[in-house]
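If you want the building blocks of each chain, they are given just below.
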Amino acid sequence: ENLASYSVIVALYKEANIIPQLLGAMQALDYPHDRIEILFALEADDEDTLAAFNAQNLPDYMRAIAVPPGFPRTKPRALNHALEQAGGDLIVIYDAEDQPEPGQLREAAKAFEKGDPMLACLQAPLRPLSGIGFIPRQFAAEYAVQFDVLLPALNALRLPFPLGGTSNHFKSDILRTVGGWDAFNVTEDADLGLRLVQLGYKTGLIASPTLETPPALSQAWIPQRTRWIKGYMQTLLVHTRLNTPLKPRAWLGLFLGVGLSVAAA
């Protein structure tokens, strides 16, 4: 009865076919329905996805939000629009294909309650569903390195780390204080994780994972990876500007968490 109120935000674009799976994953979340709201942020001209949601008999705690036309048309801009309407004390971001462990919200809420007042964000580990072929296997190995080795190491050393694009849990008041997401950055998660630490806040990890579907073919993997590297380069440029000098810890976290990925690519 003392659990914080939660806003779950899912941004979708042209993903009408995945709605049944998405609703099943959201309904499986183990959290009191009077303490949770689930917001689906959809572009106003995405008529097929909007129609698919309208055809569903959504529970009272779920609703679709139409993001009005504007520039840039990006996921972080849609998230910022949903943030304006979110009423929860805590906020979590999921992707349409995500399948979070049902108890993940409870674990995050308890960690925030017991944690440092400056703790702003908790990252849940991402686990790709098993796939057949070279790319899914490599994707699984890469995620294991990222979420089981690199992020725990950076967190143990109290260094900032780039957030994953999903399963980020925030204190909503802090998220609004720092201005939400950068709508122009295509890896808004990496940028926000570094920005929080630059502004004096802390980030941490929880154990409850989120399952997601890995890309199976190069036609899907290459555009995704191109976007990630482009966003990492953008994050490097933004956070190393002369008029915003980085703290030493932030420099090291930026190099280890973002710079090495760009160099490897």
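Structural data are supplied above this passage.
Small disclaimer: the values here were computed from a predicted structure and weren't measured. (Residues numbered from 1 in each chain as written. Predicted model: local features only at pLDDT ≥ 70, side-chain atom pairs only at ≥ 80, totals over all residues. Heavy atoms only, no water.)

Engineer: Would you explain the overall build of the chain in this entry?
Structural biologist: Secondary structure assignment for the chain yields nine helices and ten strands. In summary, the chain has a C-alpha radius of gyration of 18 Å against a globular reference of 18 Å for 265 residues, a match within 12%. Once the C-alpha set of the chain is aligned to its principal axes, its extents read approximately 50 × 45 × 35 Å. Within the chain, the proportion of its 265 residues that are buried is 50%. Residue pairs in contact within the chain that sit at least 24 positions apart in sequence constitute 78% of those at least 6 positions apart. With the model as given, the accessible surface of the chain reaches about 12600 Å², and the carbon-plus-sulfur share is 58%. Here the chain contributes 22 positively and 28 negatively charged side chains, and the mean placements of these two sets differ by 7 Å. (Helix = DSSP H or I, 4+ residues; strand = E, 2+ residues; numbered from the N terminus. Rg over C-alpha atoms; globule rule 2.2 N^0.38 Å. Buried < 20%, exposed > 50% of the residue type's maximum accessible area, 1.4 Å probe, protein only. Contact = heavy atoms within 4.5 Å. Areas by Shrake-Rupley, 256 points an atom, 1.4 Å probe, with all protein chains shown as cover. Lys, Arg positive; Asp, Glu negative; His and termini not counted. Charge placed at Lys NZ, Arg CZ, Asp CG, Glu CD.)

Engineer: When you look at the sheet that holds strand 7 (residues 126-128) in this model, what are you seeing that I'm missing?
Structural biologist: Across a sheet, strands are paired by hydrogen bonds formed along the backbone, either parallel or antiparallel in direction. Taken in spatial order, the three strands of this open sheet run 5-10-7, and their pairing is mixed. The sheet is open, and its two borders are formed by strand 5 (99-100) and strand 7, each paired with just one other strand. Bridge count between strand 5 and strand 10 (residues 210-212): two bridges; the pairing is antiparallel. Paired with Gln99 across the strands is Leu211, a residue of strand 10. Running over the sheet, helix 5 (residues 134-156) touches strand 7 and strand 10 and is turned about 165° from strand 7. (Pairing = 2+ DSSP bridges. Axes fitted to C-alpha atoms, helices over the stretch in contact; angles between N-to-C directions.)

Engineer: Is there a simple way to explain helix 7 (residues 188-198) in this structure?
Structural biologist: Helical geometry note: an α-helix holds 3.6 residues per turn, so side chains three or four residues apart project in the same direction. Counting buried residues in helix 7 gives eleven out of eleven residues, a clear majority hidden from the surface. After helix 7 finishes, the residue Gly200 shows a positive phi value of roughly 95°.

Engineer: Can you walk me through the side chain of Glu188 in this structure?
Structural biologist: Mapped onto the elements, Glu188 comes out in helix 7. With no salt bridge to any partner, buried Glu188 finds its closest opposite charge in Lys75, at an N-O distance of 4.0 Å. Every residue in contact with Glu188, bar those within four places of it in the chain, is listed here: Lys75, Pro76, Trp181 and Asp182. (Salt bridge = Lys/Arg side-chain N within 4 Å of Asp/Glu carboxyl O.)

Engineer: Whenever I open this one, the nonpolar core confuses me. Can you help?
Structural biologist: One recurring pattern in soluble globular proteins is that nonpolar side chains are buried together. Core analysis: the biggest nonpolar cluster contains 34 residues, and Tyr6, Val8, Met26, Ile36, Phe40 and Leu105 have the highest contact counts within it. Contributing elements (two or more residues each) for this core: strand 1 (6-12), helix 1 (19-27), strand 2 (36-43), helix 2 (47-54), strand 4 (90-94), helix 4 (104-114) and strand 6 (119-123). A per-element tally of this core places helix 1 first, with five residues. Beyond its immediate sequence surroundings of up to four residues, Phe40 is in contact with Val10, Leu12, Leu22, Leu23, Met26, Phe53, Met62, Arg63, Ala64 and Ile65. Counting 32 residues, the second-largest nonpolar core is a separate cluster that includes Ala82, Ile93, Leu163 and Leu196. (Core = buried A, V, L, I, M, F, W, Y, C linked by side-chain atoms within 4.5 Å.)

Engineer: Explain the environment of Arg227 to me, please; I cannot follow it from the model alone.
Structural biologist: On the secondary structure map, Arg227 appears in helix 8 (residues 218-239). The spatial distance from the C-alpha of Arg227 to the C-alpha of Gly87 is 31 Å, given a sequence separation of 140 residues. Contacts of Arg227, omitting those with residues within four sequence positions, involve Val186 and Thr187. At a separation of 3.1 Å, a polar atom in the side chain of Arg227 contacts the main-chain carbonyl oxygen of Val186. (Polar contact = N/O pair within 3.5 Å; in protein donor to acceptor, adjacent residues only side chain to side chain.)

Engineer: Would you mind showing me how to read a nonpolar patch on the surface here?
Structural biologist: A cluster of nonpolar side chains, namely Leu252, Phe255 and Leu260, defines an oily patch on the protein surface of about 280 Å² accessible area. You can see Leu252 is positioned in helix 9 (residues 248-264). (Patch = residues over 30% accessible without salt bridge, like charges linked within 9 Å, V, L, I, M, F, W, Y side chains within 5 Å.)

Engineer: Please clarify how the sheet that holds strand 4 should be interpreted in this entry.
Structural biologist: Strand order in the open sheet formed by seven strands is 3-2-1-4-8-6-9, and the pairing between neighbours is mixed. Single-partner strands in this sheet number two, and they are strand 3 (62-67) and strand 9 (202-205). Within the sheet, the average angular offset between the axes of one strand and its neighbour, ignoring direction, is 25°. Judged from the six bridges that link them, strand 2 and strand 3 form a sheet pairing that is parallel. In the sheet register, Ile38 faces strand 3, and the bridge partner there is Met62. Across the sheet, helix 2 touches strand 1, strand 2 and strand 3, and the angle it forms with strand 2 is around 150°.

Engineer: What should I look at first to understand the pairing of strand 6 in this one?
Structural biologist: Along any regular strand the residues' side chains alternate between the sheet's two faces. The element strand 6 is extensively covered by neighbouring structure, given that five of its five residues are classed as buried. Pairing geometry for strand 6 and strand 8 (residues 168-171), over three bridges, is antiparallel. Counted as the bridge partner of Leu122 is His169 from strand 8.

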